[in-house]
Amino acid sequence: MEKLNDWASHSGRQQLWKHASRETGTDMVFSIFLPPGEGPFPVVWYLSGLTCTPSNVTEKGEFRRVCAELGLAFLAPDTSPRGEAVADDPAYDLGQGAGFTVDATEAPWAANFRMRSYIEDELPEVAALHFPLDMARQGITGHSMGGHGALTVALRNPGRFRSVSAFSPIVAPSLVPWGQKAFAAYLGTDRSAWALHDAVALIDAGARLSDVMVDIGDADSFLETQLKPELLREACNRAGIPLTLRLQPGYDHSYYFVSTFMSDHLRWHAERLGAGRDPL
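So, here's what we can say about the structure.

Things to note about the overall build of the protein
Here is step 1 of the chain: Secondary structure summary: the protein contains 10 helices and 9 strands in total.
Here is step 2 of the chain: Taken over the C-alpha trace, the protein has a radius of gyration of 17 Å; the compact-globule value for 280 residues is 19 Å, and the two agree within 12%.
Here is step 3 of the chain: Over its C-alpha atoms, taken along the principal directions, the protein stretches across nearly 50 × 45 × 35 Å.
Here is step 4 of the chain: Scored against the burial criterion, the 280 residues of the protein give a buried share of 60%.
Here is step 5 of the chain: Considering only residue pairs separated by 6 or more positions, the protein has 72% of its internal contacts joining residues 24 or more positions apart.
Here is step 6 of the chain: When the accessible surface of the protein is summed, it comes to about 10,900 Å², and 50% of that surface belongs to carbon and sulfur atoms.

Let's talk about unusual backbone geometry
Here is step 1 of the chain: With an omega of 5°, the peptide bond between Gly39 and Pro40 qualifies as cis.
Here is step 2 of the chain: Here Pro40 lies in the loop between strand 3 (27-34) and strand 4 (41-47).
Here is step 3 of the chain: In this structure, the amide linkage connecting Ala107 to the following residue, Pro108, adopts the cis form with an omega of 0°.
Here is step 4 of the chain: Phi is positive for Ser11, which is not a glycine, with a value near 70°.
Here is step 5 of the chain: One can find Ser11 in the loop between strand 1 (2-9) and strand 2 (12-20).
Here is step 6 of the chain: Residue classification places Ser11 among the exposed positions, given a relative accessible area of 67%.

Re the layout of surface pockets
Where empty space is left in the structure can be found by rolling a water-sized probe over the atoms.
Here is step 1 of the chain: In this structure, the largest pocket occupies an estimated 190 Å³ of space.
Here is step 2 of the chain: Lining the largest pocket we find 14 residues, and of these Leu50, Thr51, Cys52, His143 and His253 sit closest to its centre.
Here is step 3 of the chain: Considered class by class, the residues forming the lining of the largest pocket number 6 nonpolar, 7 polar and 1 charged.

Focus: the nonpolar core
Here is step 1 of the chain: Residues Leu75, Phe100, Leu133, Ile140 and Tyr186 are the most contacted members of the largest nonpolar core, which totals 67 residues.
Here is step 2 of the chain: Not counting chain neighbours up to four residues away, the residues in contact with Ile140 comprise Trp45, Leu47, Ala150, Val153, Ala154, Phe161, Ser163, Val164, Ser165 and His269.
Here is step 3 of the chain: Membership of the second largest hydrophobic core comes to 23 residues, among which are Phe33, Ala68, Leu72 and Phe261.

Section: helix 5 (residues 177-187)
Spacing of three or four residues puts side chains on the same side of an α-helix, whose turn is 3.6 residues.
Here is step 1 of the chain: Among all positions in helix 5, only Trp178, Gly179, Ala182, Phe183, Ala185, Tyr186 and Leu187 are buried. Considered in projection along helix 5, the buried side chains sweep an arc of 165° and stay on one side of the axis.
Here is step 2 of the chain: Taken together, the buried residues of helix 5 touch helix 4 (145-156), helix 6 (191-194) and helix 8 (223-227).
Here is step 3 of the chain: Once helix 5 ends, the next one or two residues include Gly188, with phi positive near 90°.

So, helix 4
Here is step 1 of the chain: Taking 1.5 Å as the rise per residue, helix 4 with 12 residues should run 16 Å; its terminal C-alpha atoms sit 16 Å apart, in good agreement.
Here is step 2 of the chain: Taken residue by residue, helix 4 has Met145, Gly146, Gly147, His148, Gly149, Ala150, Leu151, Thr152, Val153, Ala154, Leu155 and Arg156 as its buried positions.

Regarding the sheet that holds strand 1
Here is step 1 of the chain: Read from one edge to the other, the open sheet built from 9 strands follows the order 1-2-3-5-4-6-7-8-9, with strand pairing classed as mixed. Of all the strands in the sheet, just strand 1 and strand 9 (243-248) have a single pairing partner and so form its edges. The sheet shows a mean angle of 20° between the axes of neighbouring strands, direction not considered.
Here is step 2 of the chain: Alignment of strand 2 against strand 3, held across 8 bridges, turns out to be antiparallel. Each residue of the ladder has a partner; that of Trp17, found in strand 3, is Phe30.
Here is step 3 of the chain: In this fold helix 10 (residues 255-273) packs onto strand 4, strand 5 (73-77), strand 6 (133-142), strand 7 (161-167), strand 8 (212-217) and strand 9, with an angle of close to 165° to the strand it touches most, strand 7.

Some points on the pattern of salt bridges
Here is step 1 of the chain: Applying the stated criterion across every chain, the model contains 19 salt bridges.
Here is step 2 of the chain: Between Arg22 and Glu23 there is a salt bridge, and its shortest N-O distance comes to 3.6 Å.
Here is step 3 of the chain: With a shortest N-O distance of 3.0 Å, Arg272 and Asp211 are connected by a salt bridge. Residue Arg272 is located in helix 10, and its partner Asp211 is located in the loop between helix 7 (199-204) and strand 8; the two are separated by 61 residues in the primary sequence.

Parameters at a glance
Residues numbered from 1 in each chain as written. Predicted model: local features only at pLDDT ≥ 70, side-chain atom pairs only at ≥ 80, totals over all residues. Heavy atoms only, no water. Helix = DSSP H or I, 4+ residues; strand = E, 2+ residues; numbered from the N terminus. Rg over C-alpha atoms; globule rule 2.2 N^0.38 Å. Buried < 20%, exposed > 50% of the residue type's maximum accessible area, 1.4 Å probe, protein only. Contact = heavy atoms within 4.5 Å. Areas by Shrake-Rupley, 256 points an atom, 1.4 Å probe, with all protein chains shown as cover. 1 Å grid on protein atoms, 1.4 Å probe; cavity = no way out; pocket = protein on both sides within 12 Å on 5 of 7 lines; lining within 4 Å. Points joined across faces, edges and corners; volume = space filled by probe spheres on them. Nonpolar A, V, L, I, M, F, W, Y, C, P; charged D, E, K, R; others polar. Core = buried A, V, L, I, M, F, W, Y, C linked by side-chain atoms within 4.5 Å. Arc of directions from axis to C-beta. Expected span 1.5 Å × (residues − 1). Pairing = 2+ DSSP bridges. Axes fitted to C-alpha atoms, helices over the stretch in contact; angles between N-to-C directions. Salt bridge = Lys/Arg side-chain N within 4 Å of Asp/Glu carboxyl O.

Following this line, the structure appears as structure tokens:
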């Protein structure tokens, strides 16, 4: 573990860390905000979208004031392995910056693209060891590709997360161009393997959440071609999962949108995590 930066913010600490990952075989970077106090703190995980590093939400997400108020830790891992020796592609939606929270099985990606195991297994172990976090009170959210990751990680790990939300998630990647391109490259052509990384398919296969909140801008240029929130609504209706789906007028896919509704999501998580009071 190497601390890259440490800033005072809203009476808490915003930190940036690097560590050697056993899963990806690379150095991985993550940011964490620790609110004022001694902890242990409930923690909200945030997974970033295509091309993004933890710096995007750390610098643009506007989460620290509310996290400090509510006593929430906020942990944002990188969502892709990076480095000169890591396979890449000239396109923005494949390779470095496009991990899609999968463990790749196909060459040349399989050597380093183990983001499912990194996010679900390795980094929680690291975080629990090094920070005053209450791992019995975890929530998860994310944006776009990271929203896809937040939904699928929560659906694959029943009981781990008390709260789940997403900003502009790719809800059915098996059915849209972004997901089809990435899954074919990372996982091969067997679509049964894709279903383990598709929120709608997981719900239809029996995975459940207690409830979920999703915000999407109605001016999002990816709304109809890549996000297709109506598919999540239909799947949740079939499964009886309470879904709060809000189409926000005039907002696009950017961090201007994410930052505007970040406090709503954090209060959603805080309510379910029992933030600021004894655990439920």
